[in-house]
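As a plain string of letters, each chain reads:
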Amino acid sequence: MTSRRCDGCDTKVKIAGGIGDLWSRSWGPTGGMLLELADGSDHFLCLDCVDRLPDDREPTAADVDALRVPDEE
Ligand SMILES: [Zn+2]
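These numbers come from a predicted model, not from an experiment. (Residues numbered from 1 in each chain as written. Predicted model: local features only at pLDDT ≥ 70, side-chain atom pairs only at ≥ 80, totals over all residues. Heavy atoms only, no water.)

(A) Examining the overall build of the chain more closely. On a plain count of helices and strands, the chain comes out with 3 helices and 4 strands. If you list the helices and strands of the chain from N to C, you get β-β-α-β-β-α-α. Sorting the 73 residues of the chain into buried and exposed places 30% on the buried side. Put simply, 27% of the contacts in the chain that link residues at least 6 apart link residues at least 24 apart. When the accessible surface of the chain is summed, it comes to about 5200 Å², and 49% of that surface belongs to carbon and sulfur atoms. (Helix = DSSP H or I, 4+ residues; strand = E, 2+ residues; numbered from the N terminus. Buried < 20%, exposed > 50% of the residue type's maximum accessible area, 1.4 Å probe, protein only. Contact = heavy atoms within 4.5 Å. Areas by Shrake-Rupley, 256 points an atom, 1.4 Å probe, with all protein chains shown as cover.)

And the structure:
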C-alpha cells in the first residue's frame, strides 16, 4: 500500500498495490483511482473527487482542474 496525492484536492490518499486490489473488499473507505479521461489525459483522483466529476458526460482535464477551485457552486 502506498499513497499518492489527488490531482483534484491535493489530499494524500492510499492506493492499492494493483488493479486486483482495486475492487476487493480490502479497499478502505478512503482511496483513489487513476482515471483516463475522454481527452486522453491521466489523473489520479481520490474517491471524493471522482464523486464530484460530472456524471452526465465524459469528464475531461478541465473538470479535474475545476475540482481545485475552493468555492463550489
Ligand atoms: Zn481529491
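(B) Spotlight on the side chain of D63. Position of D63 relative to the elements: it lies in helix α3 (residues 61-68). By relative accessible area, which is 12% here, D63 ends up buried. In this structure the side chain of D63 is engaged in a polar contact, spanning 3.0 Å, whose partner is the side chain of R57. Contacts of D63, omitting those with residues within four sequence positions, involve L53, P54, R57 and E58. (Polar contact = N/O pair within 3.5 Å; in protein donor to acceptor, adjacent residues only side chain to side chain.)

(C) Focus on the coordination of the zinc ion. Protein-derived coordination of the zinc ion comes from C6 (SG), C9 (SG), C46 (SG) and C49 (SG), at a distance range of 2.3 to 2.4 Å. Around the zinc ion, the 4 donor atoms are arranged such that angles at the metal cover 105 to 114°; this shape is classified as tetrahedral. Here the donor residues of the zinc ion are spaced in sequence according to C-x2-C-x36-C-x2-C. Residue C6 is found in the loop between β1 (2-5) and β2 (12-15), and its partner C46 is found in strand β4 (residues 42-46); the two are separated by 40 residues along the sequence. (Donors = N, O, S within 2.8 Å, 3.2 Å for Na, K, Ca; no water. Tetrahedral: all angles 85-135°; square planar, octahedral: opposite > 155°, others 65-115°.)

(D) Looking closely at the nonpolar core. The biggest cluster of nonpolar side chains holds 12 residues, and these are C6, V13, M33, L35, L37, F44, L45, C46, C49, L53, V64 and L67. The element that contributes the greatest number of residues to this core is β4, accounting for 3 residues. Those residues in contact with L45 that sit more than four places away from it in its chain are C6, D7, G8, G31, G32, M33, L35, V50, L53, V64 and L67. (Core = buried A, V, L, I, M, F, W, Y, C linked by side-chain atoms within 4.5 Å.)

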